[in-house]
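Chain by chain, the residues run as shown.
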Amino acid sequence: MNPVPPRLRLRGITKHYGATIANDGIDLAVLPGEIHALLGENGAGKSTLVKIIYGVAAPDAGEILWQGRAVAISDPNAARALGIGMVFQHFSLFETLTVAENIALGLGTRQDMAALAARLRDVAARYGLAVDPGRHVHHLSVGERQRVEILRCLLQDPSLLIMDEPTSVLTPQETEGLFAMLRRLAGEGCSILYISHKLEEIQALCHRATVLRAGRVVAECDPRTATPAAMAEMMIGGSLPQTRRDPGRAPAGPPCMVVRGLSLPSDDPFGTGLRDIAFALRDGEILGIAGVAGNGQKELLAALSGETLAARADAVTIAGRPVGRLGVAARRRLGLAFVPEERLGRGAVAELSLAENALLTATDPDLAPHGFICFDRLRRFAADVIAAFKVVAPGPDAPAGSLSGGNMQKFIIGREIGHAPRLLLAAHPTWGVDVGAAMAIHQALIDLAATGVGVLLVSEDLAELFQICDRIAVLHAGRLSPPRPVAETTVDAVGLLMGGMMPEAAHAA
Amino acid sequence: MRLSLEPRTSPWPLMSALAPLLAVALATLGAGILFALMGRDPLAALHALFLSPLDSVNGLAELALKATPLLLCAIGIAIGVRANVWNIGAEGQFIIGAICGGGVALYFGPDGGWWLLPLMLLAGVAGGMAWAAVAAFLRTRFNAHEILVTLMLSYTAVQVLGWLVHGPWQDPEGFNFPQTPLFEPGALLPVLIEGTRVNLGAVFALLSVPLGSLLLGRMMVGFRIRVVGLAPGAARYAGFSEAGTVWFCLLLSGGLAGLAGICEVAGPIGQLLPVISPGYGFAAIIVAFLGRLHPVGILFAALLMALLYLGGEGLQISQQLPLAVTGVIQGMLLFFLLGADVFIGYRVRIVPRTPRHA
């Protein structure tokens, strides 16, 4: 055992939410200068645990020892006073204020703005976090915003920094920069609690890993020596299923969707407009669109699905028919299906039953002949989706809100596939779902493409894109790079495009 | 220790059903206390309020008569609220419906045939729709919220009615009273039970219950309304038109309120007067929520609210209490209902004062 006490030690932390147990007797020790990974699937209890450490939630039982002393962390202010900083997955910055103003607000007390800006430059230079304190946040990229959040923590000289899934919004190159900064911080003695489910990152960065499953600590390991497969098995408590892809597939067929010269200003003053987007999605292929969130993904999907109309009808064609001026329902009737990014409130209505949710995107007139809903057929349709996609649900009458994220997503994808589409748009389909469900979703997309349906997959997860796509294009600042076959490109090349390097420069690099 | 409200992990369906009953019980208790404070015997006053109106056939007929406009207005309001379209101005659509239908009756006078009454009803519905269409247009074209527009148009409608009965439509033989001539017998709705005032309007109101249920529960248009109300994002995703839903809901509720208006003036009133509604259009908002926005629930809520109107009149006579007491009890009913509704989504937790262990 280390002679110095751990910086943070948790003993028997337990937290219930109603009948569900989020944390069940969790023990954890983070040493000074250690980068400690907290590893687990969605719903394993990672977020609850760090909320308890940061004083956002109170534990039902158990104790927290800080530098060997028992403490009660009643709120985030108390956590910061101890020296605990946290960078959340979702940033809390005011878009219309400058970097320095945002940080001054976070510090709470009145600040001399000039002195603060100088201090900011100083700290930013020391850790290689290039950010101009005078810039307005809405001008910043997501990676830069994260740096502002990190700077805000660093100004308070934390001795424990909690990072919640920090790389989900970064390009591979930005991730490297973040890791260099974190290693340097750890080298100076700051402890880091790093939450992730990306195994390669944890192997590259962390000294020790604690694995959570269903609210309990199931293993501790050294990620530098453990294999990713072993860690994944600890995480999901079983062996990892593999997606199958028939190598001898027929080459992709004629285009089912062609986009030409699609430009659209964004409705949102801080959104990203689309600039001269062009691509062709072919029957039977999976076309991936990579990119950091906020580079026009929302706008592109809205323009393709019909929620926003293009200026010209021929900017978007489905099976040769110009649809740029047609709305959502008309495009659906031509065979378009869409799996949106948000599941509840958009892809499905939480309060309605699964059967009623199946009606949301139905184009089959038999489900509602003459405007009267046929509940028997709907229930049968929903039951078929539940069975075919192994959705864990009590039945077609269960409210959508009662399903877990992964099962809801399987239902939505199953419903869209069940409507027999000609092409499917899928936005971040595995975001926030567990490994098992993600595998099932990948398999479903692969199988769908094998039947000749074109699949457009918008994702931030490069591993996912390289695993199942035939071609990949990159969306950056509203521009789309020409799609390239997966075999002819690399993660690094795509990463450079995600960071805004022009294709020519990317080839040179 | 202190009390704190904590969100429930899932809504409590039993409370959703119990809340209206709890609200009625608490409002009754509150009314009793109010009567005692005003120096009346609370039990006698409550008896006069709730039971006396029901002890005769005529009383029951009056109950149906008063429930008719409440039911028609409330069903329209409830269907709108399901889509998050808030028609607060059923009162105005009621009045304009009465003016349009009544105008038809006055125009044809004794020259009307069998077609006069259907034409009056159609004109009433069209008038209510037109008044609500103003709000629908302003909402879909300029994003002006329908709560404000429909509410303000109610006051405009009152002024229009006042101007007509004081001016161009005033009965020349009416000793300068602000009223129109009485409608011809052929322009009055047939009475259902001889010797009472309950008329064909009650049948329309009763029909609106199964039709409303059918629309909301089994029809595609009702499904769209529910999706728009529950999850606007999902409605856009599904391609359901928001503007179309706003128009549909406002035209439907406006039409129903207009029907209620013409049934009132072609029924018990028989002419146009400066005041033709004791606030039916506004009370119907309470009725809609008390009935859980469901047509069958609204039927019961409308009967209860009608009883309050009848009982309030009875209280004036037997207990010499002002009519405002009815308004106070209506307010208490809504207040307690909204209060009880909090517990559908939240639970009360007693938080001990002792700090967390250190």
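Rules used in this analysis
- In every chain, residue numbers begin from 1 and rise along the written sequence.
- To label them, take the chains in the order written and letter them from A, then take the ligands in the order written and number them from 1.
- Two thresholds apply to this predicted model, a pLDDT of at least 70 for residue-level local features and 80 or more for giving and counting side-chain atom pairs, whereas whole-chain, interface and lining totals are computed over all residues.
- Excluded from the side-chain calculations are hydrogens and water; all other atoms, namely the structure's heavy atoms, are used.
- Each residue carries a pLDDT score, the predictor's confidence in it, ranging from 0 to 100.
- Between two residues, a contact is recorded if the distance between any of their heavy atoms is within 4.5 Å.
- The salt bridge definition used is simple: a Lys or Arg side-chain nitrogen within 4 Å of an Asp or Glu carboxyl oxygen.
- Definition of a polar contact: a pair of N or O atoms within 3.5 Å, with one able to donate and the other able to accept a hydrogen when the atoms are protein atoms, and with sequence-neighbouring residues admitted only if both atoms are side-chain atoms.
- Polar here means any residue other than Ala, Val, Leu, Ile, Met, Phe, Trp, Tyr, Cys and Pro, which are nonpolar, and Asp, Glu, Lys and Arg, which are charged; Gly is therefore polar.
- All domain edges in this entry derive from an automatic or database-based domain assignment.
- Reported buried area values correspond to the accessible surface (1.4 Å probe) lost by two parts on association, with both partners' losses combined.
- Think of it this way: any DSSP run of H or I at least four residues long counts as a helix, any run of E at least two long counts as a strand, and we number them from the N terminus.
- Accessible area is worked out with a 1.4 Å probe on protein chains only. A residue is then buried under 20% of its type maximum, exposed over 50%, and partly exposed in between.
- Any two strands are treated as partners once DSSP identifies two or more bridges connecting them.
- By definition, the crossover connecting two strands over a helix is right-handed if that path, from the first strand to the second, turns clockwise as seen with the strands pointing away from the viewer.
- Here an axis means a line fitted to C-alpha atoms, over the contact stretch when the element is a helix, while the angle between two N-to-C directions is reported on a 0 to 180 degree scale.
- Note that the term roughly parallel is reserved for angles under 35 degrees, roughly antiparallel for angles over 145, roughly perpendicular for angles of 65 to 115, and oblique for everything else.

Engineer: An account of the confidence of the model for chain A is requested, with residue identities and associated values reported.
Structural biologist: Looking at chain A, the pLDDT average stands at 87 and 94% of residues meet or exceed 70. In the model, residues 505–509 of chain A has pLDDT below 50 throughout and makes four contacts with residues more than four positions away in sequence or in other chains.

Engineer: Please set out the interface of chain B and chain A residue by residue, giving values where relevant.
Structural biologist: Taken together, the contact pairs 21 residues of chain B with 32 residues of chain A. At the junction of chain B with chain A, the criterion picks out one salt bridge. A salt bridge links Glu 356 of chain A to Arg 226 of chain B; the shortest N-O distance between them is 2.9 Å. Taken together, the links from chain B to chain A amount to eight residue pairs in polar contact (both at pLDDT 80 or more). Residue composition of the side of chain B that touches chain A, by class: 12 nonpolar, five polar and four charged.

Engineer: Could you give an account of the domain arrangement of chain A, with specific residues and numbers?
Structural biologist: All names here are of chain A. Under the domain assignment used here, chain A contains domain 1 (8–236) and domain 2 (254–335 + 423–435 + 455–509). Between the C-alpha centres of domain 1 and domain 2 the distance comes to 32 Å. With 15 residues of domain 1 at the contact, the number on the domain 2 side is 16 residues. Taken together, the two surfaces of domain 1 and domain 2 that pack against each other cover about 1,200 Å², and 65% of this comes from carbon and sulfur. Per-residue buried area on domain 1 facing domain 2 is highest for Asn 42, Pro 172 and Gln 173; these three make up 33% of the total on that side. Where domain 1 meets domain 2, there are zero salt bridges. Between domain 1 and domain 2 we count one residue pair in polar contact (both at pLDDT 80 or more) in total. Elements represented by at least two residues in the side of domain 1 that touches domain 2 include exactly α6 (172–187) and α8 (228–236).

Engineer: Could you give me a rundown of the pairing of strand β7 (residues 160–164) of chain A, with the residues and numbers involved?
Structural biologist: Residue and element names in this part refer to chain A. Counting buried positions along β7 yields five of five residues, so the element is predominantly enclosed. Covered by surrounding structure in β7 are Leu 160, Ile 162 and Asp 164 together with Leu 161 and Met 163, the residues of both alternating faces. Note that β7 and strand β8 (residues 191–196) share five bridges and pair parallel. Each bridged residue has a counterpart across the sheet, and for Leu 161 the counterpart in β8 is Ile 192. Handedness of the crossover joining β7 and β8 through α6 is recorded here as right-handed.

Engineer: Before we move on, can you summarise the pairing of β8 of chain A with the specific residues and values?
Structural biologist: Residues and elements named next belong to chain A. Along β8, six of the six residues are buried, which leaves the element largely enclosed by surrounding structure. Burial of the side chains of β8 extends over both faces: Ser 191, Leu 193 and Ile 195 are buried on one face and Ile 192, Tyr 194 and Ser 196 on the other. Relative to β8, strand β3 (residues 35–39) runs parallel, the two sharing five bridges. When the sheet's bridge partners are listed, Ile 35 is paired in β8 with Ile 192.

Engineer: How would you explain the packing of helix α13 (residues 405–418) of chain A against helix α14 (residues 435–450) of chain A if you had to name every residue and give the values?
Structural biologist: Helices that pack against each other are described as a pair by the angle of their axes relative to one another and the distance between those axes. Residues and elements named next belong to chain A. In contact at an axis separation of 10 Å, α13 and α14 are set at 10° when each is read in the N-to-C sense. Between α13 and α14, the interaxial angle falls into the category roughly parallel. When α13 is examined against α14, the residues Gly 406, Gln 409, Lys 410, Ile 413 and Ile 417 are found in contact with a partner set consisting of Ala 437, Ala 440, Ile 441, Ala 444 and Leu 448. When grouped by side-chain class, the residues that make up the contact of α13 with α14 number seven nonpolar, two polar and one charged.

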